[in-house]
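Architecture and fold: a report
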Amino acid sequence: MVKGKKGGKAEERMKEEGKEEVSEEAVGGKEETGFVELKEDGAAGGPAGALVPVDGPTGTPASARPMPPKNRAIMNRGLALTWLTMRTILFDKKTIMVIIMLLALLAIPAKWLNEPPSDKEGAALEAFLMIIVILYLQFIVLYVCLLYGSSVITSEVEDRTLTYLLSRPITKLEIILFKYIGYVISVFLLFALPTVLNYLMLAPYEDGASGISSNADFLAFCLGGMFMGIMAWGAFFMMLATMVKNPLMPGLVYCLFWESLIANIGGNISKMTLTYQIRTFIARGITESRGAFGDNPWGDYPSWQAFMVAVVMAFVCLFLAWQVMKGKDFH
Amino acid sequence: MDYERVRNSRILWAMGLSKWYGMVMGLNNVSIELYQGVTGLIGPNGAGKSTFIKLMTGQIRPSKGEVFVLEQKVWNNPQLFERIGYCPEQDSFYSWMTGLEFVSTLLRVSGYEKMDAEYMAEESLRVLDMSDSMDRKISGYSKGMRQRVKVAQAIAHDPDLLILDEPLSGTDPVGRVRIMNVIKEMSRKGKNVIISSHVLHDVERLTRNVVLINKGWIIAQGDVHAIRGLIDNHPHIVRVKTREARKLAKALSGNETVVSIAFEPDGLVVTTRKPDVFYAELPKILTENEIPFTELTSPDDNLDAVFKYLVEGG
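Residues numbered from 1 in each chain as written. Chains lettered and ligands numbered in written order. Predicted model: local features only at pLDDT ≥ 70, side-chain atom pairs only at ≥ 80, totals over all residues.

**What to know about the overall build of chain A**
Of the regular secondary structure elements, chain A holds 14 helices and two strands. Across the 331 residues of chain A, 38% fall into the buried class. Within chain A, counting contacts between residues at least 6 apart in sequence, those at least 24 apart form 68% of the total. (Helix = DSSP H or I, 4+ residues; strand = E, 2+ residues; numbered from the N terminus. Buried ≥ 20, exposed ≤ 12 C-beta atoms within 10 Å, placed from the backbone. Contact = placed C-beta atoms within 7 Å.)

Written as structure tokens, this is what we have:
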């Protein structure tokens, strides 16, 4: 007779039946549980000499609950997969590093406030724009999107958990879409907070407390630009990850060559980069909201058009990712 | 009329099914029909069992040929998984989750309501005797517990067909019994099970209907007793993980079923010519001598010998 756990009805029944007990230590500690006995006659539960349970649960689960209607089931799948992706991203070790870095970067507005380099009107808002557009968007957001966007699907492949998703009544399109939504929400949350903190530190410098509300368009368009980048770059890197085994290398080339070098050389070719579209969206958006048109160097079309470029880019990339995934083995 | 009856009882059929991984052949031109009940897929490691199972669960795409499960095409047909439960071989999890979260999340991914998913997850974990530890993180589970969680997620939605890839590998004796009981109970309820293993004795306890697979080929299909005699002609190796290896060796030294005993850092490797008798006597020996043990495994060397015999005639 083997016993592996203490207490409970099972143990009481054992004692009532007068069966021999052996201490936990004698059977290998606490890690294995349950009662087993050697059955000699083979009358039931298998051939003679088979190990059969004398206590504990048996059988299969009670009949499963009915599957909800199709639309409801899709919503449940969406919520579950989005939450799963968000949980994976937000509690990742990489995320802790990113949060520490973003918190450390709050030293920049703090230093600016301590020693303002300029007293001219709008200098603090200009500094806010520089921090968000140059430091965050063109550098940190881009590379964080590469890191997370490329790993949304590949982490499931590398951890071999994709198997569980592929053996559920969920289409590959749903997997891509819901994981993508989880990625966008998580990464946007990650950057929205430091963006707001930067704004809250710098905006009051202009008009005191009222500067926060009167310059809210700066914050809104910066958050919008950030959303554009996270949305379109994430979809692009996700697509890349479905196409190549190691998406980081081509992703880095794209970041360094296309979104850094080409985006800054000027001319029509720069307009083909997402960085240009984001800068257009922010700069044009702010000037449009203040009634001043056509006097900024960024963008010769309205902000909504720049935003639509990002939407189309995300849509095309997700569509291609789906097409690749439909025909791909993940063995 | 007979054709209809056969067709209705057919749970899987494959025609000219092949899979290559680059230059490596995983499965070669397999044409097979499996019928209702429990079917054991037997073969040594690397024989092509997992490839076959991945093909029948739509995890990978056939290089050639077709496979139908429950009379439906498998590849890119996720709706089929409302009726199938799949327990993969790999030891992979969202290990930051608890056992309950893992099973209920996968049920939610299937489309179930949160409350229903939690209820069903608890039920399936209870059946596998995991109720006490279902709120612990999977990262802290033993191998046997992880195997049981994998089986729990496969049975939680009460599927018509349960496909298990090496579910007994690395399990503790109790987990082994629990999993075997689930399979037996599913069979009793008229459900279907396909189980792969490299240990004939495991499958033999569950079904007489086996498919032998080796080097990507289906070698034989039929009654397990037809190959039992072959097995007994070859030494069978059993590995027992225990802290009391010396004590166990002493207890086994007089046993007539034991051919040889070898020490390993974490236990013993025992060779026997009468595995059935040995498996029957081992628990008694362990408990009588108060020898703790954590794992009982059987490498597939003996099965290799049988396959060699079947393919080459000796």
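**Regarding the pairing of strand E11 (residues 236-242) of chain B**
Residues and elements named next belong to chain B. Residues of E11 alternate between two faces, with His236, Val238, Val240 and Thr242 buried on one and Ile237, Arg239 and Lys241 left unburied on the opposite face. Pairing of E11 with strand E14 (residues 293-297) involves four bridges; the strand directions are antiparallel. In the strand pairing of E14, Lys241 is matched with Glu295. (Pairing = 2+ DSSP bridges.)

**Observations concerning the packing of helix H11 (residues 216-243) of chain A against helix H13 (residues 274-289) of chain A**
All names here are of chain A. For the pair H11 and H13, interaxial distance at closest approach is 9 Å and the crossing angle is 160 degrees. With respect to their mutual orientation, H11 and H13 come out roughly antiparallel. Relative to H13, the crossing made by H11 is right-handed. Across from Asp217, Phe218, Phe221, Cys222, Gly224, Gly225, Met228, Gly229, Ala232 and Trp233 in H11, the residues of H13 making contact are Leu274, Gln277, Ile278, Phe281, Ile282, Gly285, Ile286 and Ser289. Of the residues that constitute the contact of H11 with H13, the class distribution is 11 nonpolar, six polar and one charged. (Axes fitted to C-alpha atoms, helices over the stretch in contact; angles between N-to-C directions. Parallel < 35°, antiparallel > 145°, perpendicular 65-115°, else oblique. Left-handed = near helix turned anticlockwise from the far one by under 90°. Nonpolar A, V, L, I, M, F, W, Y, C, P; charged D, E, K, R; others polar.)

**Here we look at the environment of Asp165(B)**
Residues and elements named next belong to chain B. Its place among the elements puts Asp165 in strand E7 (residues 161-165). Linking Asp165 and Tyr141, residues 24 residues apart in sequence, is a C-alpha distance of 20 Å. Apart from residues lying up to four places away in sequence, Asp165 is in contact with Ser50, Ile53, Cys87, Pro88, Glu89 and Ser196.

**Regarding unusual backbone geometry**
Backbone geometry at Arg160(A) places phi at a positive 60 degrees, although glycine is not the residue there. The exposure class assigned to Arg160(A) is partly exposed, which follows from the 16 C-beta atoms found within 10 Å. The backbone of Asp129(B) sits at a positive phi, close to 60 degrees, despite the residue not being glycine. With respect to the helices and strands, the residue Asp129(B) is situated in the loop between helix H4 (114-127) and helix H5 (143-155). Judged by local crowding, Asp129(B) falls into the buried class, with 25 C-beta atoms found within 10 Å.

**Regarding the sheet that holds strand E2 (residues 24-35) of chain B**
As a general point, the strands of a sheet are linked pairwise by backbone hydrogen bonds and lie either parallel or antiparallel. Residues and elements named next belong to chain B. Ordered in space as E2-E1-E4-E5, the four strands form an open sheet in which the pairing is antiparallel. Because the sheet does not close on itself, it has two edges, and the strands there are E2 and strand E5 (72-73). With two bridges connecting them, strand E4 (residues 64-69) and E5 associate as antiparallel partners. Residue pairing in the sheet places Phe68 in a bridge with Lys73 of E5. Packed onto the sheet, helix H2 (residues 49-56) meets strand E1 (10-21), E2 and E4 and runs at close to 60 degrees relative to E2.

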